[in-house]
Amino acid sequence: MNNSKGIIFDLDGVIVDTAKFHYLAWRKLANDLGFDISIEQNEQLKGVSRVHSLKYILGWGNKTVAEDRFEQLMASKNEDYLQRIAHMNEEDLLPGIKKILDYLTENNIPFALGSASKNARPILRGLQIEDKFKAIVDGNDVTKAKPDPEVFLIAAEKLGIPPKECIVFEDSVAGIQAANRADMISIGIGDKNILKEADYNFADLAEIDLEFIKKIVSK
Ligand code: BG6
Ligand code: MG
């Protein structure tokens, strides 16, 4: 097998279903401020950093807050989110991911994490897959949020694989745009009508068979 490809996985919504807990925590924050956020608005928050998410949300609610209040709101959202995911374990891995990671490991195909989350490492640890990744690039390592390609370009560099030879699995519009801007192959996981800019689309990872992975890494 041609092993010159590298794989980069987003975390939230690809490896683990934390996307719904981000939504619930943001929604509670909005509700406490006196407004609501819809599922459609939440789509725009997927893949987006904590600070940018809060900016969007306050904008939707027509709220302006002082800098220290902004910091407080981010901290309380994160506390709420961490409580919601506190008991996460191996059983919370999304269907299909384990099989793919095992296949990549067995075939020496290197893979990295490319996530906007600052909570990525403890989450991977809880899921007991942290050690499987050759590189982990998360929200603590970047200065520019998705759709900027920075997170994926750093991941490619850490894998030692040129961006063109990298394949990204993403569930967010911002993440697909980031992968495309990085000149990587983008695989959208979720609604293909939303992730229409992706090179390939799957409803979830369980839909992907190993033949597809084999084919795409041998191209
Ligand atoms: C992304 C999520 O992976 O990480 C976003 O899709 C989230 O919803 C972002 O806001 C930042 O995550 P965290 O854990 O640092 O607040
Ligand atoms: Mg995601």
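Anything mentioned here points back to the structure above.
The subject of this paragraph is the nonpolar core. Counting 38 residues, the largest nonpolar core has Phe9, Ile15, Phe133 and Phe169 as the members making the most contacts within it. Going through the elements one at a time, strand E1 (6–9), helix H1 (19–32), helix H5 (97–106), strand E2 (111–114), helix H6 (120–127), strand E4 (166–170), strand E5 (185–189) and helix H9 (210–218) are the ones with two or more residues in this core. Residue contributions to this core peak at 5 residues, all from H5. Built from parts of two domains, this core gets at least three residues from each of domain 1 (6–17 + 89–218) and domain 2 (19–85). Filtering out sequence-adjacent residues up to four positions away, Ile15 remains in contact with Phe9, Asp10, Asp92, Leu93, Leu94, Ile97, Leu113, Leu127, Ile129 and Phe133. One finds Ala156, Leu159, Ile161 and Cys166 within the second-largest nonpolar core, a separate group that totals 17 residues.

Tallied over the full model, the rule gives 13 salt bridges. Of the charged contacts in the structure, one is a salt bridge between Asp17 and Lys20, with a shortest N-O distance of 3.3 Å. You can call Asp17 partly exposed: its relative accessible area is 30%. Between Lys146 and Glu170 there is a salt bridge; the shortest N-O distance is 2.7 Å. Taken together, the positions of Lys146 in the loop between strand E3 (135–137) and helix H7 (150–159) and Glu170 in strand E4 put the pair 24 residues apart, joining distant regions of the chain. One salt-bridge network, held together by shared partners, links Asp10, Lys146 and Glu170.

For the rest of this paragraph, the subject is H1. Spacing of three or four residues puts side chains on the same side of an α-helix, whose turn is 3.6 residues. With 14 residues, H1 should cover 20 Å at 1.5 Å per step; its first-to-last C-alpha distance of 20 Å lies within 8% of that length. The set of residues buried in H1 consists of Ala19, Phe21, His22, Tyr23, Ala25, Trp26, Leu29 and Ala30. In the stretch just after H1, Gly34 is the one whose phi turns positive, near 100 degrees.

Here we take up the environment of Gly13. Secondary-structure assignment places Gly13 in the loop between E1 and H1. For the pair Gly13 and Leu54, spaced 41 residues apart in the sequence, the C-alpha separation amounts to 19 Å.

In the neighbourhood of ligand 1, the contacting residues comprise Asp12, His22, Leu45, Lys46, Gly47, Val48, Arg50, Ser53, Ala116, Ser117, Lys118 and Asn119. For ligand 1, an oxygen atom lies 2.6 Å from a polar atom in the side chain of Ser117. When isolated, ligand 1 has an accessible area of 390 Å², and the protein chains bury 97% of it. The cavity that encloses ligand 1 is the largest pocket. Of the residues that constitute the shell around ligand 1, the class distribution is 3 nonpolar, 5 polar and 4 charged. No fewer than three residues from each of domain 1 (6–17 + 89–218) and domain 2 (19–85) sit in the shell around ligand 1.

The next subject is the layout of surface pockets. Counted as a void, the largest pocket has a volume near 530 Å³. For the largest pocket, the lining is made up of 30 residues, of which Val48, Ser49, Arg50, Ala116 and Ser117 are closest to its centre. Looking at the lining of the largest pocket, the elements with two or more residues in it are H1, helix H2 (39–45), helix H3 (50–60) and helix H4 (67–84). No other element matches H3, which puts 4 residues into the lining of the largest pocket. Residue assignment places the lining of the largest pocket across two domains, with domain 1 (6–17 + 89–218) and domain 2 (19–85) each supplying three or more. In this structure, the second largest pocket occupies an estimated 340 Å³ of space. Mapped by element, the contributors of at least two residues to the lining of the second largest pocket are H1 and H2. Residue contributions to the lining of the second largest pocket peak at 3 residues, all from H1. Grouping the amino acids of the lining of the second largest pocket by side-chain chemistry returns 10 nonpolar, 3 polar and 7 charged. Two domains each donate at least three residues to the lining of the second largest pocket, and these are domain 1 (6–17 + 89–218) and domain 2 (19–85).

Scoring rules and cut-offs
- Residues numbered from 1 in each chain as written.
- Chains lettered and ligands numbered in written order.
- Predicted model: local features only at pLDDT ≥ 70, side-chain atom pairs only at ≥ 80, totals over all residues.
- Heavy atoms only, no water.
- Core = buried A, V, L, I, M, F, W, Y, C linked by side-chain atoms within 4.5 Å.
- Buried < 20%, exposed > 50% of the residue type's maximum accessible area, 1.4 Å probe, protein only.
- Helix = DSSP H or I, 4+ residues; strand = E, 2+ residues; numbered from the N terminus.
- Domains from an automatic or database assignment.
- Contact = heavy atoms within 4.5 Å.
- Salt bridge = Lys/Arg side-chain N within 4 Å of Asp/Glu carboxyl O.
- Expected span 1.5 Å × (residues − 1).
- Near = heavy atom within 4 Å.
- Polar contact = N/O pair within 3.5 Å; in protein donor to acceptor, adjacent residues only side chain to side chain.
- Areas by Shrake-Rupley, 256 points an atom, 1.4 Å probe, with all protein chains shown as cover.
- 1 Å grid on protein atoms, 1.4 Å probe; cavity = no way out; pocket = protein on both sides within 12 Å on 5 of 7 lines; lining within 4 Å.
- Sits in = over half its atoms within 2 Å of the grid points.
- Nonpolar A, V, L, I, M, F, W, Y, C, P; charged D, E, K, R; others polar.
- Points joined across faces, edges and corners; volume = space filled by probe spheres on them.

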